[in-house]
Structure formats: C-alpha cells, structure tokens
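Here's the letter readout for the chains.
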Amino acid sequence: MEPIKTKLAAWAQNKPLVRIAAAVAAALVLLIALLCISNHMRSNIQREYSALTSHLQEQIYHNLSEMQELFDRVDDPNVDVRNKLIPELKIQFSAVKAANSALLECCGAEKAVLNDELTSAFESAFEEYAVAYRQGIATGLAKADMAECMQEVQLLLTAYYAPPDEEDEVVIINASSGSAAAK
C-alpha cells in the first residue's frame, strides 16, 4: 500500500500535470453539461413546434367547420346573405388562409390543410358572389360553386374528425404459440 501512496504524493507534487488533468476534467464536465442542456433545449423546441403545428391545424379545421355551419344557413330567408353571411364567410376564410400559409411556410405542404385548388375555388366563389351583387344578377352560380367548396370542406372535416374504420383490424401475435388473433 505504501508504494501507491508514495506514487500519489509524487504525482500530486507535479503541479503542471495536476493542473492539466484538472483542466481536462473540468472541460469534460462542462462539455457534458452543455450537451445535456442542448439536448433538453432541442427536445423542448421540437415539442413546442409540434404543439404549434397541431394548434394551427386544429384552428383551421375549427374555422372550416364554422364556415360550413354558416353556409348551411344560405337558404334561410331570415339571413342577410349579402351583408352578413358572405362577409362572415370571408372573414373565416381569411383566418383559414392565414393559418394554412403559416403551416406551409414552417412545416411544408404535408402539414397544410388546404391545397391550392380548394383555395382558388373559394376565392373564385367569393368573386362570383361579388360580381353577381355588383351586377344585380342571381347568385345561383356562385352559390353552386360555394356548395362544391363546402363539399370538399366536408370531406376534409370527415377525414380529420372521423374515427378509424372498423374494418381496420388489430392483429395480436402470440409470441409463444406463433398464432394470430384478430381483435
């Protein structure tokens, strides 16, 4: 035991070597701490990014649902289509477009809800309403085009909110016997 103590004492007497070892140890501890902090920050950023994406998508679907509910009242004689319903639909659509554009910019087309064709169809239907009102003609064509847009919205909403098909079976494989059972 004595030789180990003597070697340690001799090593401790070598001050430059002790300083280098201490500096290396401190640098390693600092590096490990920085890596842990960086990893934690990255996971927080990814979690917030995912939450923001989900929130934007949910807001888009909510606004589309409200648009559909508004348009369902287009044939109600007590509703002022020109001054109330169409302007409110435009406001909702503007909110949908803004949120969808944000999703496109930050996440790409795979996370966006509306495609360019549906966006153009809505804008065209709104323009047809504006032209019909300016010219004092019937809004039947505009209404039919908006109804087609709303059918597409219904498909989007159904796909988003509908539970998975009951036809999708979960297959559980029993590892011990190698047999499969559908659930």
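Each remark here, short or long, concerns the structure printed above.
Residues numbered from 1 in each chain as written. Predicted model: local features only at pLDDT ≥ 70, side-chain atom pairs only at ≥ 80, totals over all residues. Heavy atoms only, no water.

Undergrad: Describe helix H2 (residues 15–71), with residues and values.
TA: With 57 residues, H2 should cover 84 Å at 1.5 Å per step; its first-to-last C-alpha distance of 83 Å lies within 8% of that length. Buried residues of H2: Thr 53, Leu 56, Gln 57, Ile 60, Tyr 61, Asn 63, Leu 64, Met 67, Gln 68, Leu 70 and Phe 71, and no others. (Helix = DSSP H or I, 4+ residues; strand = E, 2+ residues; numbered from the N terminus. Expected span 1.5 Å × (residues − 1). Buried < 20%, exposed > 50% of the residue type's maximum accessible area, 1.4 Å probe, protein only.)

Undergrad: Pulling in residues and values, what's your account of the pattern of salt bridges?
TA: Where charged atoms from two side chains of opposite charge approach closely, those side chains can pair. Scanning the entire structure with this criterion turns up 3 salt bridges. The partner of Asp 75 in a salt bridge is Lys 143, with the nearest N and O atoms 2.2 Å apart. Residue Asp 75 is found in the loop between H2 and helix H3 (81–107), and its partner Lys 143 is found in helix H5 (residues 140–161); the two are separated by 68 residues along the sequence. Here Asp 75 falls in the exposed class, since its relative accessible area comes to 55%. For Glu 127, the salt bridge is made with Arg 134, and the minimal N-O distance between the two is 3.4 Å. Take Glu 127: its relative accessible area is 42%, and that puts it in the partly exposed class. Note on Arg 134: relative accessible area 60%, which makes it exposed. (Salt bridge = Lys/Arg side-chain N within 4 Å of Asp/Glu carboxyl O.)

Undergrad: Describe the nonpolar core, naming the residues involved and giving the relevant values.
TA: One finds Leu 64, Leu 89, Phe 122 and Tyr 129 to be the most contacted residues of the largest nonpolar core, which totals 32 residues. Elements supplying a minimum of two residues to this core: H2, H3, helix H4 (116–135) and H5. The greatest single-element share of this core, amounting to 9 residues, is contributed by H3. (Core = buried A, V, L, I, M, F, W, Y, C linked by side-chain atoms within 4.5 Å.)

Undergrad: Outline a nonpolar patch on the surface, supporting the account with residue identities and numerical values.
TA: A contiguous nonpolar surface patch, about 480 Å² in accessible area, is contributed by Ile 20, Val 24, Leu 28, Leu 31 and Leu 35. Within the fold, Ile 20 resides in helix H2. You can call Ile 20 exposed: its relative accessible area is 53%. (Patch = residues over 30% accessible without salt bridge, like charges linked within 9 Å, V, L, I, M, F, W, Y side chains within 5 Å. Areas by Shrake-Rupley, 256 points an atom, 1.4 Å probe, with all protein chains shown as cover.)

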